[in-house]
Amino acid sequence: MKNLLCPSILSADFSILGEQIKEIAANGADYLHIDVMDGMFVPQISFGMPVIKSIRKVTDLFFDVHLMVEKPERYIDDFAGCGADGITIHMEACDDPAAALTKIRKLGLRAGAAISPGTSVERFAEVYDKLDMALVMTVNPGQGGQKYIENSTPRIMQTRKFFEDKGIDMDIQVDGGITRDNIERVIKSGANVIVMGSSVFKGDVGENTRFFAEKMKGL
Ligand code: DX5
Ligand code: ZN
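Please read these numbers as outputs of a predicted model, since none were measured by experiment.

S.K.: Hey, could you run me through the overall build of the protein chain in this one?
M.R.: Of the regular secondary structure elements, the protein chain holds 8 helices and 8 strands. Structurally, the protein chain occupies a C-alpha span of about 40 × 35 × 30 Å along its principal axes. Out of the 219 residues belonging to the protein chain, those deemed buried represent 54%. Taking the intrachain contacts of the protein chain between residues at least 6 apart in sequence as the baseline, contacts between residues at least 24 apart amount to 64%.

S.K.: Looking at this model, I keep getting lost on the sheet that holds strand S8 (residues 193-196). Mind explaining?
M.R.: Taken in spatial order, the 8 strands line up as S1-S8-S7-S6-S5-S4-S3-S2 in an open sheet, and their pairing is parallel. Looking at strand neighbours, the two that pair on one side only are strand S1 (4-7) and strand S2 (31-37), the edges of this open sheet. Recorded for the sheet is a direction-independent mean angle of 25 degrees between the axes of neighbouring strands. Pairing analysis gives 3 bridges linking strand S7 (residues 171-175) to S8, with the strands arranged parallel.

S.K.: What am I meant to see in the packing of aromatic side chains here?
M.R.: Aromatic ring pairs are described here by two measures, namely the spacing of the ring centres and the angle between the planes. What the rule picks out here adds up to 6 aromatic pairs. Ring centres 5.8 Å apart and planes at 70 degrees place the aromatic pair Phe 14 and Phe 47 in the edge-to-face group. Here Phe 14, found in the loop between S1 and helix H1 (17-26), pairs with Phe 47, found in the loop between S2 and helix H2 (49-55); they are 33 residues apart in sequence, far enough to count as distant. The exposure class of Phe 47 is buried, given its relative accessible area of 11%. Members of the aromatic cluster, each reached through a chain of ring pairs, are Phe 124, Tyr 128, Phe 162 and Phe 163. In this structure, Lys 166 packs its charged tip against the face of Tyr 128, placed 4.7 Å from the ring centre. Just above the ring of Phe 211 sits the side chain of Arg 180; from NZ or CZ to the centre is 3.8 Å.

S.K.: Sorry, what's going on with the coordination of the zinc ion (ligand 2) here?
M.R.: Geometry sets the ideal angles at a metal, namely 109.5 degrees for four tetrahedral donors and 90 or 180 degrees for six octahedral donors. At this site the zinc ion (ligand 2) is bound by His 33 (NE2), Asp 35 (OD), His 66 (ND1) and Asp 175 (OD), with donor distances of 2.0 to 2.3 Å. Sequence spacing of the donor residues for the zinc ion (ligand 2), all on one chain, is H-x1-D-x30-H-x108-D. Within this pair, whereas Asp 35 is found in strand S2, its partner His 66 is found in strand S3 (residues 62-68), the two being separated by 31 residues in sequence. With respect to class, Asp 35 is no different from His 66; both count as buried.

S.K.: In this structure, what is going on with the nonpolar core? I would like to understand it.
M.R.: Most often, soluble globular proteins keep nonpolar side chains buried together rather than apart. One finds Ile 9, Ile 34, Phe 124 and Ile 194 to be the most contacted residues of the largest nonpolar core, which totals 60 residues. With sequence-adjacent residues up to four places away left out, Phe 124 is seen in contact with Ala 113, Ile 115, Leu 131, Ala 134, Leu 135, Val 136, Thr 159, Phe 162 and Phe 163. By size, the runner-up hydrophobic cluster in this structure holds 7 residues, among which are Leu 4, Tyr 31, Phe 62 and Met 133.

S.K.: Whenever I open this one, the pairing of S2 confuses me. Can you help?
M.R.: Regular strands place side chains that alternate from one sheet face to the opposite one. Taking burial as the measure, the 7 residues of S2 include 7 buried ones, the bulk of the element. Two strands pair when backbone bridges link them, and S2 and S3 are joined in this way by 7 bridges, in the parallel orientation. Following the sheet pairing, Met 37 is matched in S3 by Met 68.

S.K.: Quick question: what am I supposed to make of the side chain of Thr 88 here?
M.R.: Looking at the element boundaries, Thr 88 is found in strand S4 (residues 86-90). The class for Thr 88 is buried, based on a relative accessible area of 1%. The residues contacting Thr 88, other than those within four sequence positions of it, are Asp 64, Val 65, His 66, Leu 67, Gly 112, Ala 113, Ala 114, Met 133 and Leu 135.

S.K.: Help me understand the site of ligand 1, please; the structure alone is not making it clear to me.
M.R.: Taken together, 20 residues surround ligand 1, and among them Asp 35, Gly 142, Asp 175, Gly 197 and Ser 198 come closest. Contacts to ligand 1 include Asp 175, whose side-chain N or O atom sits 2.6 Å from an oxygen atom. Between an oxygen atom of ligand 1 and a main-chain N or O atom of Gly 197, the distance comes to 2.8 Å. Isolated, ligand 1 exposes 380 Å² of accessible area, and the fraction of that covered by the protein chains is 99%. At a threshold of 2 Å from the grid points, most atoms of ligand 1 map onto the largest pocket. The set of elements that each furnish at least two residues to the shell around ligand 1 consists of S2, S3 and S8. With 3 residues, the single largest contributor to the shell around ligand 1 is S2.

The rules we used
- Residues numbered from 1 in each chain as written.
- Chains lettered and ligands numbered in written order.
- Predicted model: local features only at pLDDT ≥ 70, side-chain atom pairs only at ≥ 80, totals over all residues.
- Heavy atoms only, no water.
- Helix = DSSP H or I, 4+ residues; strand = E, 2+ residues; numbered from the N terminus.
- Buried < 20%, exposed > 50% of the residue type's maximum accessible area, 1.4 Å probe, protein only.
- Contact = heavy atoms within 4.5 Å.
- Pairing = 2+ DSSP bridges.
- Axes fitted to C-alpha atoms, helices over the stretch in contact; angles between N-to-C directions.
- Phe/Tyr/Trp six-rings, centres within 6.5 Å; stacked < 30°, edge-to-face > 60°.
- Lys NZ or Arg CZ within 6 Å of the ring centre and 35° of its normal.
- Donors = N, O, S within 2.8 Å, 3.2 Å for Na, K, Ca; no water.
- Core = buried A, V, L, I, M, F, W, Y, C linked by side-chain atoms within 4.5 Å.
- Near = heavy atom within 4 Å.
- Polar contact = N/O pair within 3.5 Å; in protein donor to acceptor, adjacent residues only side chain to side chain.
- Areas by Shrake-Rupley, 256 points an atom, 1.4 Å probe, with all protein chains shown as cover.
- 1 Å grid on protein atoms, 1.4 Å probe; cavity = no way out; pocket = protein on both sides within 12 Å on 5 of 7 lines; lining within 4 Å.
- Sits in = over half its atoms within 2 Å of the grid points.

Listed below in structure tokens is the structure:
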């Protein structure tokens, strides 16, 4: 499985967002992780389609859109239309996750399903054959800069084993609290698609991106 680095723009400086996106692209980022929050599924509101449409003009990076949104099926066409390459919905937020994922794939996008820390890994069983990526949240969704929840490590291992037992080489994403100190551990536990907000955007963005891109190549 190829390891993929996904900086999350939630922690970017929005006054120079386009510049920062170019900087992470030039230094080895694989995906651009885009956190959309609706004030319902999570208390916070982040940004939506107009921002995504606008940054689509500055980069060819894969747009990995993480919908922390109630009933995300309402918006799949819209996010596809503004430039998403992959859309991840939350199992907890959807009436019919399988139908939502099927719709994402029908639009030619990669389909992801996320589980929050309090949700059983077994929920992937409902949708395993409709998925291109499984997201195991490693903090409670809602904001950047939180601490990694330690219990996430066995959950990542359990998720990798679940797909391996079915003979599926699934992309397994982790999101929240990933740092220079624990990246090796999450990758060794079975994650290969690594989201990072503050660890990339706090300090020297180019240097941080290069550091993680290099580090992940060796793991
Ligand atoms: C949290 C978001 C994350 C967030 C991660 O709800 O889904 O993508 O940006 O930020 P860090 O890496 O700072 O924990
Ligand atoms: Zn996210």
